[in-house]
Amino acid sequence: MTEIIVVTSGKGGVGKTTTSASLATGLAQAGKKVAVIDFDVGLRNLDLIMGCERRVVYDFVNVIQGEATLKQALIKDKRNDKLFVLAASQTRDKDALTQEGVEKVLDELKKEGFDYVVCDSPAGIEKGAHLAMYFADHAMVVVNPEVSSVRDSDRILGLLASKTRHAEGGQATVKQHLLLTRYNPVRVEAGEMLSVKDVEDILGLPVVGVIPESENVLAASNAGEPVILDAQSMAGQAYADAVARVLGEERPLRFLEVPKKGLFKRMFGG
């Protein structure tokens, strides 16, 4: 059965697209057939992070409006033949997305035997964000450890509980996962940033992953590679842990503590 995961947040710039790319890639690495869809019409970015921007011929809106078939628009990932990308349109208005059109595309993906569909949502609560979450079975709410991001995400949790097909149909609520990004234990220790426990207490959800602040994230994005593929980086390892937890595996949270200095650094500074 196909499971639909929306990656969402109340605030822009928290790492949703980076998360969507790494989540989809990690699920495909685990042997699942995965499609990842960019819902941010007019501001296409997912294809850049996935490294397939030059291969976009048809997009999500083309499929919704019957200008191309789903098979024509899906781009197979060059690194994993179980992973496919459906890019957003850069030239259309957000009103080009309709609930009926989105449902049609998702139904086609289910018929094609996809295990997971990852929906990369625009920030906030406008139409594209609502449509990205409406059909979801799971929601990964991406939050930075700062008050404004957490406050805005609280609003998203309210919408997930009331404005989805699950909620309207009286079904079980959308399963919610909290992903904390750009976490810096040095700043947490200094009182400049919320701790994991602070965020969990405010939003009332346990975290499924904590992604440390890392230059590797930007470097991977610029290279057109999801950072989860950088197995040497802490961010890549943290995303791999989060994917494993989504799949039901138990793993301890890592990268929450300030790294201890070695003997040499304690003796000579630095």
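Remember, predicted model here, so these are calculated numbers, not experimental data.

Cut-offs and rules
- Residues numbered from 1 in each chain as written.
- Predicted model: local features only at pLDDT ≥ 70, side-chain atom pairs only at ≥ 80, totals over all residues.
- Heavy atoms only, no water.
- Helix = DSSP H or I, 4+ residues; strand = E, 2+ residues; numbered from the N terminus.
- Rg over C-alpha atoms; globule rule 2.2 N^0.38 Å.
- Buried < 20%, exposed > 50% of the residue type's maximum accessible area, 1.4 Å probe, protein only.
- Contact = heavy atoms within 4.5 Å.
- Areas by Shrake-Rupley, 256 points an atom, 1.4 Å probe, with all protein chains shown as cover.
- Lys, Arg positive; Asp, Glu negative; His and termini not counted.
- Charge placed at Lys NZ, Arg CZ, Asp CG, Glu CD.
- Pairing = 2+ DSSP bridges.
- Polar contact = N/O pair within 3.5 Å; in protein donor to acceptor, adjacent residues only side chain to side chain.
- Phe/Tyr/Trp six-rings, centres within 6.5 Å; stacked < 30°, edge-to-face > 60°.
- Lys NZ or Arg CZ within 6 Å of the ring centre and 35° of its normal.
- Arc of directions from axis to C-beta.

Draft legend 1. Inspection of the overall build of the protein at higher detail. Scanning the protein from terminus to terminus reveals 13 helices and 8 strands. Here the C-alpha radius of gyration of the protein, 19 Å, is about what a compact globule of 270 residues would show, namely 18 Å. Overall size of the protein, expressed as C-alpha extent along the three principal axes, is 70 × 40 × 35 Å. Within the protein, the proportion of its 270 residues that are buried is 53%. The contacts in the protein between residues at least 6 apart in sequence include a share of 74% that link residues at least 24 apart. Accessible surface, the protein as shown: approximately 12,700 Å² in total, 50% of it carbon and sulfur. Both charge centroids of the protein, one from 33 positive and one from 37 negative side chains, sit 3 Å from each other.

Draft legend 2. The pairing of strand 1 (residues 3-8), seen in detail. Judged by how many residues are buried, strand 1 sits mostly within the fold: 5 of 6 residues are covered. Relative to strand 5 (residues 116-120), strand 1 runs parallel, the two sharing 5 bridges. Looking across to strand 5, one finds that Ile5 is bridged to Val118. Bridge analysis of strand 1 against strand 6 (residues 138-143) gives 4 bridges, and the strand direction is parallel. Within the sheet, the bridge partner assigned to Ile5 lies in strand 6 and is His138.

Draft legend 3. View of helix 6 (residues 127-134). Most of helix 6 is tucked away, with 6 of its 8 residues classed as buried. Turning to helix 6, its buried residues number three or more, namely Gly128, Ala129, Leu131, Ala132, Met133 and Tyr134. Two to three positions downstream of the cap, the backbone nitrogen of Gly128 sits 2.8 Å from a side-chain oxygen, assigning the N-cap of helix 6 to Glu126.

Draft legend 4. Representation of the packing of aromatic side chains in the model. Within this structure, the stated rule accounts for 3 aromatic pairs. For the pair Phe84 and Phe114, a centre-to-centre distance of 5.6 Å together with 85 degrees between the ring planes defines the contact as edge-to-face. Taken together, the positions of Phe84 in strand 4 (residues 83-86) and Phe114 in the loop between helix 5 (99-111) and strand 5 put the pair 30 residues apart, joining distant regions of the chain. Each member of the pair, Phe84 together with Phe114, is buried. Summarising the aromatic geometry, the rings of Tyr134 and Phe135 are spaced 4.9 Å apart at their centres and angled 85 degrees between planes, so their arrangement reads as edge-to-face. Across this residue pair, the class does not change: Tyr134 and Phe135 are buried. Here the basic side chain of Lys33 rests over the ring of Phe114, its NZ or CZ set 4.5 Å away from the ring centre.

Draft legend 5. Up close: the environment of Glu3. Structurally, Glu3 is set in strand 1. Taking C-alpha positions, Glu3 is 9.8 Å from Phe135, a pair spaced 132 residues apart along the chain. Apart from residues lying up to four places away in sequence, Glu3 is in contact with Asp115, Tyr116, Val117, Asp137 and His138. Among the polar contacts listed, one links the side chain of Glu3 to the side chain of His138, at a separation of 2.4 Å.

Draft legend 6. Inspection of helix 10 (residues 196-203) at higher detail. Along helix 10, the positions that sit buried rather than exposed are Val196, Val199 and Leu203. For helix 10, the buried positions fall inside an angular range of 70 degrees around the axis, keeping them on one side. Exposed residues lying more than 90 degrees from the buried face of helix 10 are Lys197 and Asp201. Those residues of helix 10 that are buried are in contact with strand 6, helix 7 (147-162), strand 7 (175-183) and strand 8 (207-212). Phi turns positive one or two residues past the end of helix 10, at Gly204, with a value near 70 degrees.

Draft legend 7. Quick look at unusual backbone geometry. Of note, the phi angle at Arg182 is positive, near 55 degrees, even though the residue is not glycine. Tracing the chain through its elements places Arg182 in strand 7. Even without being glycine, Phe255 reaches a positive phi, approximately 65 degrees. As for its placement among the helices and strands, Phe255 is situated in the loop between helix 12 (234-246) and helix 13 (263-268).

Interpretation note: all reported values are geometric properties and have no functional meaning in isolation.
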